[in-house]
Amino acid sequence: QVHFVESGGGLVQPGGSLRLSCAASGSISRFYVMGWYRQAPGEQRKLVASVTSGGRTNYVDSVKGRFTISRDNAENTMYLQMNSLKPEDTAAYYCNSMPEIMGYWGQGTQVTVSS
């Protein structure tokens, strides 16, 4: 059982930046692909960025050029650098493997982008 703890969210104005962290209680090397997911109120949880153990990344079009996902396998930690934030980015952000493992969801971290 691996437990993920997300942190780094907060309230930020449009155009601002945040850096989210995902600390795992165990090795993340076992996960070939890990990802950041987000869920806005009334909407489904959606994968927005993923990274392989070798560092290959993918992003949904809405965050390309603004978000950067990375992972540190030695520290069992994953990050999401979020720049040029928009109100549409407002959501609870979660990390998990990709495909997701239901029992591994953490508490999430809330990101609110508002003037």
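What you see is a predicted model, and the numbers here were worked out from it, not measured in a lab.

**Examining the pattern of salt bridges**
Following the criterion strictly, the structure yields three salt bridges and no others. Linking D61 and K64 is a salt bridge whose minimum nitrogen-to-oxygen distance equals 3.1 Å. The exposure class of D61 is exposed, given its relative accessible area of 63%. Here D89 makes a salt bridge to R66, at a shortest N to O gap of 2.8 Å. In this pair, D89 sits in the loop between β8 (77–82) and β9 (91–97) while R66 sits in the loop between β6 (57–59) and β7 (67–72), placing the two residues 23 residues apart along the sequence.

**Topic: the sheet that holds β6**
Strand order in the open sheet formed by six strands is β2-β10-β9-β4-β5-β6, and the pairing between neighbours is mixed. What marks the edges here is a single partner per strand, and that holds for β2 (10–12) and β6. Each strand of the sheet is rotated relative to its neighbour by a mean of 20°, with strand direction disregarded. With three bridges joining them, β9 and strand β10 (residues 109–113) adopt antiparallel strand pairing. Paired with A92 across the two strands is Q110, which belongs to β10.

**Overview of the state of the cysteines**
With the rule as written, the count across this model stands at one disulfide. One disulfide bridge connects C22 with C95, the sulfur atoms lying 1.9 Å from each other. Judged by the torsion about the S-S bond (70°), the C22/C95 disulfide is right-handed. Taken together, the residues C22 in strand β3 (residues 18–24) and C95 in strand β9 connect sequence positions 73 residues apart. The burial state of C22 is the same as that of C95; both residues are buried.

About the criteria used
- Residues numbered from 1 in each chain as written.
- Predicted model: local features only at pLDDT ≥ 70, side-chain atom pairs only at ≥ 80, totals over all residues.
- Heavy atoms only, no water.
- Salt bridge = Lys/Arg side-chain N within 4 Å of Asp/Glu carboxyl O.
- Buried < 20%, exposed > 50% of the residue type's maximum accessible area, 1.4 Å probe, protein only.
- Helix = DSSP H or I, 4+ residues; strand = E, 2+ residues; numbered from the N terminus.
- Pairing = 2+ DSSP bridges.
- Axes fitted to C-alpha atoms, helices over the stretch in contact; angles between N-to-C directions.
- Disulfide = S-S within 2.5 Å.

Remember, this is a structural readout, not a statement about activity or role.
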